[in-house]
Structures are given as C-alpha cells and as structure tokens.
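# Residue-level structure breakdown
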4 protein chains.
Amino acid sequence: MGTKRTLTRVDGASGATMRDLEARRRILSVTHQMLVTQGYAKLTIGGVAANAGVGKATIYRTWPNKPALVLEALRNTFPEVPTADLGDSRAEMLAAANTLAALFNLREVRAALPGLIADTAEGEGSEHDLRDRLIGERKSRSTQCLERAIERGDLPADTDVSLVLDSWAGVMLFRCLFFGETLSAADVERLVDTTLVSPHRLPAA
Amino acid sequence: MGTKRTLTRVDGASGATMRDLEARRRILSVTHQMLVTQGYAKLTIGGVAANAGVGKATIYRTWPNKPALVLEALRNTFPEVPTADLGDSRAEMLAAANTLAALFNLREVRAALPGLIADTAEGEGSEHDLRDRLIGERKSRSTQCLERAIERGDLPADTDVSLVLDSWAGVMLFRCLFFGETLSAADVERLVDTTLVSPHRLPAA
Amino acid sequence: MGTKRTLTRVDGASGATMRDLEARRRILSVTHQMLVTQGYAKLTIGGVAANAGVGKATIYRTWPNKPALVLEALRNTFPEVPTADLGDSRAEMLAAANTLAALFNLREVRAALPGLIADTAEGEGSEHDLRDRLIGERKSRSTQCLERAIERGDLPADTDVSLVLDSWAGVMLFRCLFFGETLSAADVERLVDTTLVSPHRLPAA
Amino acid sequence: MGTKRTLTRVDGASGATMRDLEARRRILSVTHQMLVTQGYAKLTIGGVAANAGVGKATIYRTWPNKPALVLEALRNTFPEVPTADLGDSRAEMLAAANTLAALFNLREVRAALPGLIADTAEGEGSEHDLRDRLIGERKSRSTQCLERAIERGDLPADTDVSLVLDSWAGVMLFRCLFFGETLSAADVERLVDTTLVSPHRLPAA
DNA sequence: AAGTAAACGAGACGGTACGTCGTGTCTTCCG
DNA sequence: CGGAAGACACGACGTACCGTCTCGTTTACTT
C-alpha cells in the first residue's frame, strides 16, 4: 500500500501508483494534443479527463494542477541539447543555439509557454522546481558546451557563461512571447559569432 | 435654483467630462494598487470596481478585458527611455539599458508581466496593438540611441540594432520571468560593453 | 407657475408639464406596441425610450416605473362596460359580461396582465391605486347593471353583487392566466343565466 | 487515517444519495422560507444558494430557473383536496372549496403567486407543465367530488364541472391577486350553495 | 426681443442579479 | 478496491436593466 498523496513528485516519469500506465500515457498525449489544437487557456483539466476517458481525480492524483500537467506533457517533446564533442567550438555552439531555437519553434511550446509562465509565476512550490528543472536541464548542457570552448581557448576564461546563455534564450523568448517570431538561422549564427568574437567580457583596454 | 443634490464636487475645473475622468483615474489607480498588493491573478474586474466605488459595467465600457485595463494602468508608471544626446555613446547606451532594467525591476511590472503575456498571447486585436505600442515605444527610443552611436562610428554600420535591443530586453525578461531576478548594474554594463566591442556582426576574417 | 414635482399623479391624462404632448403619445403608443410584439418581460424602459426617440428620464419624469407606464398604455385600449338601460336585464348583463370577456381577449391585456400583477403585487402606493381604479371602474359600471336588475326584480334583493362580479371576472382571469384561454360566448351566457336563476343567495329552504 | 476535512456530517443514514438529498431539502426549505420573509421578487437564486450553503450551480443543475424552484418549494406545502366519500354532497363540496380557499390563504402562496404567474406566463416548456400539474392535480380531485354529486343526483347531469370549479378558483384568485383578500367561510358556503341550487346550466324554461 | 429656467435626447453611472464556467475536493457506484 | 463519472462549494466572468445623474441643447415662458 503506497503513500497515497505524493506531495512532491520526485521524478516526472515514475508516476506514483497509477494503475494503468496506459492511462497516464493517454492523459499526457491528450494534454499535448489539446495544447496544440486549443491552446493553453482553453485546455481544462475536465476536458483532458473527458478526452482521455479518465476521471478528473485521476489526473489530480498525479499532478497538482494544470501547469504541472502541461509541463510534463511538454517534457516529452523537448529536443535535447547535444553535448557531443565535435572538436569544433563554433559548430558545437551553433548546434546548442539552434536546438534552443528549435525548441521555441515548437507549436506546443509556443502555445503553452505564456500560460505556463503566468500560472507558475508566483508558485514557490513544486511549480518553480519543475520549471527550473526543465530550463536548468537545457542550460546545464549548454553550459558544458561553452565551457569546453573556454577550455579550448576559443572563448576567454572570464566569459560570463550564464549571461551568454540567458542572452541567447532571452532573445528567443522575447521574440516568441511578444511577436510570435522565431530567430532565423542567420540570426542564431550572428548570435554565436558575436559571442565568439567578444564573449561578454570587458574590453582588454 | 440651487445645487440639486450633487454628491460629488460641482465646481471642479471646467465641468467637461469630469465624471468620467474622476472615475477613470480612480479605476486605474486602484488597478495599479491591487496589482502591487495582490498580483495579476488575484486582481479581478469586480474587485477593482468595488474598490473604486464603480460598477463593473463602467470598467467594461472603457476596457474590453483585464489585460487591457492592466496595460493602461501600467503605462503611467513606465519610465521613459532617455533620448538626450550626451555626446558619449557608451553613456547613452548605459542609460537606455539601465532604464530598461529599471522597468523590469518595478514591482507592478514584475507582478503584471506574466499574466499580461499569457492573456494577450493569442490576441490579434487591440491587445497585440497595445502590447506592441508599449514595447515598441521603448524600443524605438532605444533604437535612436544605437543609431546615433552608429553615426558616431562607435558601432559598425551593419549592426543589427533590433537584435541587440531584443537581446538586452531578452536577458532581462528571461531572468525576470523565470528567476524573478534583475540584472545587476555590472551585468548591464557588461551587456553594453559587449555590444560596443563586437556589435553582433560577423567577424571580418 | 405649476408645482414642479407632481409626486402623485392625480389623473392619468393630465400629464403634468410634459412639454411635448406628442412625445407622450409616442411613448404610450410605443409601449403598447412593444407590449404586443415583445411581451411585458422583454419590454424595458430603455427600449421604449429608444423606440420613442425620447430620453429615459422623460419617461421616469411622468411614470414612476414600468407597471405604471404599461398600465396607462393599456387604459386607452380598454373597452368600456356599457351602462345603457336596455329594459332587458339579461341583455344588459350579457353585454357587461361579454365586454369583460372581450377585455381578457385583447392581445395586449393578455401580454401585460401577468407581469403587471406581479410588479404591482406588493405595491401599496400609487400602483395599487391605479390598479384598483382600472378594475374598480369596470366593476362599478357592472354593478350598476346588476343593481338595475335587482330593482327590476330580475335578481333577488340579497344578491351579493360583488361576489357575482368577482366570480365572472375570476373565471376569465383564471382561464386567461393559467391556460391562455378565453370564455366562449356560450360560457358567458351560461354564467349570466346561472346568476339569473340562482343569484348567489342561500336557497329558500 | 483521519477524517480529511469533511465539514458536513459524515455518518448520515444510508450513504446513498445523501449529499444530494441533504442539499436539496435545504435548498427547498430556504426557498420556502425566503419566499415568506422576502417575497418572490426579492428572492434570488444567489441568495437561496448562499443561505443554503450551496453553490448557485447546484441549484441550476436541478431547476432551470426561479419559478421552477419556487414551484417545487411550494408543492410541499399545498394542502390536498380531500376526496373521501362522506355521503353528503354538500359537505364534500364545502370541504373541497374550503381547501381551495385555504390554499389561497397560505402566506407563501400569496407571496409567490403573482411572480410565479408572470414568470411562467409565456413558458411553453416545463413551466406550463408544472403549473398545469399543480393546478390540474387539485382540479381533478375536485372534479371527482362534483361528479359524485352528479351521480347522487344532487347536481344535474349537464353541469359544466370545469366551469364551476374554475369559477370557484377564479373568485379566490381574483380577490387574492387584486385585493389580497380571502374568501370568508360564508362566501365559500354561498358559492357552494349557489352551485347546488343552479349548477351552471340553462334554465329549463 | 432678450433672458432665464425648465424640459429635453442622450447615455454614463453605481448597483444588483443573472446564468455559465473552471477549479480542486468530494462521494458514489461500477467492474 | 481503484477508478470513471461527475456533483459539489466557490468565485469570477461578462451582460442586462434598473432608476438616478449629468451633460449640452432646445424650447417656452417671463419681463
């Protein structure tokens, strides 16, 4: 007999004691689908439950609220930032940046992001954790990439890696949220090259 | 003859659309206040109406929905990006960037932004207009600043001004939304200096 | 110089100082029209005002509320109970009863009656007065008719005239309100003849 | 395992549709109460909900609108027209008529009737059904009474039973609605005796 | 004829109730 | 005995009218 109420879900995948693993899959899939077709605002827990042939309680048993559910539904579709060592710093950085850009280009992400941000804005609990985890994951992998470039001497040692990465993500986020645009491949390239030439440090002089 | 039974002041200034303006001011002020104290999510039209001693219909008569109201309540508190010619490109850019950073540091902005973004995400109508206007205003003034720097030769002619500015705003937005942080003065400086050294153009080589 | 605020309107027709007599006519006519086409519930003061090309205040200046307005709009179309002495008690009674039946058969009366009753139910003020006046008028004329029959000896002297008349009106009201029906000519005749044969007095024993 | 947070009693009787019935009873009772204390016009669904400690939706789930709710709240308090065979036609008719009179004398009926009639006036749906049912029920039982009198020979065979009954109800309705009066016992007796002597048929001559 | 005061059309205003919807918790009942 | 089904309390939504009010303007009396 398992502890019924798992207050803090440790890992997105374990799913507590959900009897029907199949149901879980269905819920997430329906969520994802509705996200794309209806958008975040019109997606309701009740709707997901109905479309998944599931009781609302079943959903609430696993996810505490809408953003948590959406977040997990999104996780599966997130592209992974590649970490392979290509020997070429610029190529690696481009790959990382392009992956990020691709993420902001996903229909479901664009649909979910605004609502997700709003609904988790003041949440200090699991919501923040989840969001951080999702972002943190990409960021840490991208960080590896930049640090390798530093090791190679392609970026100065005092580069503010976090600032660079937040800058990359920031432009994309900004354009995505406010204009519904994506960065073009050329823009991404420009971003990376700017970083390479003058990687956010004070000028030598 | 005699003042019939005018509860509100009669003399006033011009006797024009007094009643309107009186109420309008009160509504916006209450909205702003509640934004700070309660946050966007807990701010309701009904609540604003009650606190402003106004009928809900009066609000709906002027603003079609919550984000429109909040947006207008916010406009008044937005700091203006300075456009004065200081003769010093770096100083001007710092001023612009710091103004931007200050904006993201306002309590009411931080409270309103997530919800505002979410609620105007799919709006194609006035909502988009408003948002664009608000952002566009700052951006165009900042653009003046950067272009002056280009004219002075402090920035290369092929600088992608929009990308630079979106980058600046992007980092701030990103950190604001996801971490509730603000850019430190040092970070802002770093941002500006990076732009000055290698303003987002491809390297010559 | 007339008394400005006529709180109690003494007679439905005098209309205080309504500048534009034409407007008054238009208001009542529009009210009557809307009563027929929309029914009492959907008739709003605002609607009447708009359709009559008149400000709401103009209506409220003359009539204190909806039922008062409707009542007056109705008065004009009410058929008068005949009081002429025909020499024949049965003929006179039939005429009176049929006039009553005709009244309940008017489209506007059927439309207005239920709402009118409801809205003036608890009114102790002018509303009750008005209603009583309207009903009282018909009733007093019908009373004349019955009393003449008593004088002639066609009805016993101890006939409870009021009970008889209320009985007549009652059936019609009952059928009108609950079934939307009218008394057929035959039913009216039966009603009258019953009264003639045994006019609501105790049997002689 | 502790009682989680059940504010309402848990043990109850059978555990069947307790929650439903519990709430239903409370709603109807509150409605009835408010009807008496406030009257029909001031009774609001929201008010009933609040006083019954129930959400508005719960009421709307069961009753489509105010009159439907009031109607049902009223049903419980309606006195039944007796149908017992007393062997005495006059006694039976008096019983029936007095029951009817008593009904129109109920505080809640007098309070609800005008509004109820108005709000169900144009209703062709369930409203009409309900009203008919409520009235029809009394009427059919009264009809039994009169028909038994006919069988006994106390009333002529060609008596228009429906007209007689509508006449009875009509007077009461008329006096109730327009004058807030009730028929005195003497009046009821007079009504019955009139019917017995000359039961609404054409005179033989 | 000019001046004054009122009545007017228009419609904004503070309120109140409406009926609907979504949330997150709960209970019931079925497989 | 666990889950679907959905009822439940709550609370916000946006709409509709009410009856009062405030605008300018138009009209009709006064002088």
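Cut-offs used in this document
Going along each chain's sequence as written, the residues are numbered from 1 onward. As they are written, the chains are lettered A onward and the ligands numbered 1 onward, keeping that order. Where local features are concerned, this predicted model is filtered to residues with pLDDT of at least 70; where side-chain atom pairs are given and counted, the filter is 80 or more; whole-chain, interface and lining totals use all residues. With hydrogens and water set aside, each side-chain value is computed from the structure's full complement of heavy atoms. Nonpolar core, defined: a set of buried Ala, Val, Leu, Ile, Met, Phe, Trp, Tyr and Cys residues in which side-chain atoms within 4.5 Å join the residues together. Under the scheme applied here, a residue whose accessible area is under 20% of the maximum for its type counts as buried, over 50% as exposed, and between as partly exposed, the area being computed with a 1.4 Å probe on protein chains only. Any pair of residues with heavy atoms lying within 4.5 Å of one another is described as a contacting pair. Under the DSSP-based scheme used, a helix requires at least four consecutive residues in state H or I and a strand at least two consecutive residues in state E, with every element numbered from the N terminus. Domain start and stop points were drawn from an automatic or database domain assignment. By buried area we mean how much accessible surface two parts lose on assembly, using a 1.4 Å probe and totalling the loss over both. Here a salt bridge means any side-chain nitrogen of Lys or Arg lying within 4 Å of a carboxyl oxygen belonging to Asp or Glu. Polar contact is the term for a pair of N or O atoms within 3.5 Å; when the atoms are in protein, one must be able to donate a hydrogen and the other to accept it, and sequence-neighboring residues count only if both atoms are side-chain atoms. Residues were grouped as follows: Ala, Val, Leu, Ile, Met, Phe, Trp, Tyr, Cys and Pro as nonpolar; Asp, Glu, Lys and Arg as charged; and all remaining residues, including Gly, as polar. Multiplying 1.5 Å by the helix residue count minus one yields the expected span of that helix.

## A short note on the nonpolar core
- Counting residues in each nonpolar core, the largest one holds 121 residues, and the members touching the most others are Trp168 and Leu173 of chain C together with Trp168 and Leu173 of chain D.
- With residues up to four places along the chain from it excluded, the contact list for leucine 173 of chain C reads Phe104, Leu113 and Ile117 of chain C together with Leu173, Phe174, Leu177 and Phe178 of chain D.
- By size, the runner-up hydrophobic cluster in this structure holds 120 residues, among which are Leu103 of chain A together with Val48, Leu94 and Val188 of chain B.

## Digging into the environment of tyrosine 60 of chain B
All names here are of chain B.
- Structurally, the position occupied by tyrosine 60 is in helix α3 (residues 56–62).
- For tyrosine 60, a relative accessible area of 43% corresponds to the partly exposed category.
- Put simply, tyrosine 60 and isoleucine 45 are 15 residues apart on the chain and 8.5 Å apart in space, counted from C-alpha to C-alpha.

## Looking at the domain arrangement of chain A
All names here are of chain A.
- According to the domain assignment, chain A contains domain 1 (21–75) and domain 2 (89–197).
- A straight line from the C-alpha centre of domain 1 to that of domain 2 covers 27 Å.
- Counting residues at the interface gives 13 residues for domain 1 and 15 residues for domain 2.
- Interface area, domain 1 with domain 2, both sides summed: about 1,300 Å², of which 69% is carbon and sulfur.
- The three residues of domain 1 that bury the most area against domain 2 are Tyr40, Leu71 and Arg75, which together make up 46% of that side's buried surface.
- Viewed at the interface, domain 2 and domain 1 are joined by one salt bridge.
- Viewed at the interface, domain 2 and domain 1 are joined by three residue pairs in polar contact (both at pLDDT 80 or more).
- When residues of the side of domain 1 that touches domain 2 are traced back to their parent elements, those giving at least two are α1 (21–38) and α4 (66–75).
- Top element by residues in the side of domain 1 that touches domain 2 is α4. It accounts for seven residues.
- Tallied by class, residues from the side of domain 1 that touches domain 2 come to nine nonpolar, two polar and two charged.

## Some points on helix α5 (residues 89–103) of chain D
Residues and elements named next belong to chain D.
- In a regular helix each residue adds 1.5 Å, so 15 residues correspond to 21 Å; α5 covers 21 Å between its end C-alpha atoms and thus fits that length.
- Taken together, the buried positions of α5 are Ser89, Glu92, Met93, Leu94, Ala96, Ala97, Thr99, Leu100, Ala101 and Leu103.
- For α5, the side-chain oxygen to backbone nitrogen distance between the N-cap and arginine 90 is 3.0 Å, and the N-cap itself is aspartate 88.

## Quick notes on the interface of chain B and chain A
- With 36 residues of chain B at the interface, the matching set in chain A holds 36 residues.
- Between chain B and chain A, the buried area comes to about 3,600 Å², and carbon and sulfur atoms account for 69% of it.
- If you sort the residues of chain B by the area they bury against chain A, Phe174, Phe178 and Arg190 of chain B come out on top, with a joint share of 19%.
- Across the contact surface, chain B and chain A share four salt bridges.
- Arginine 190 of chain B is the salt-bridge partner of aspartate 160 of chain A, the closest N and O atoms lying 3.8 Å from each other.

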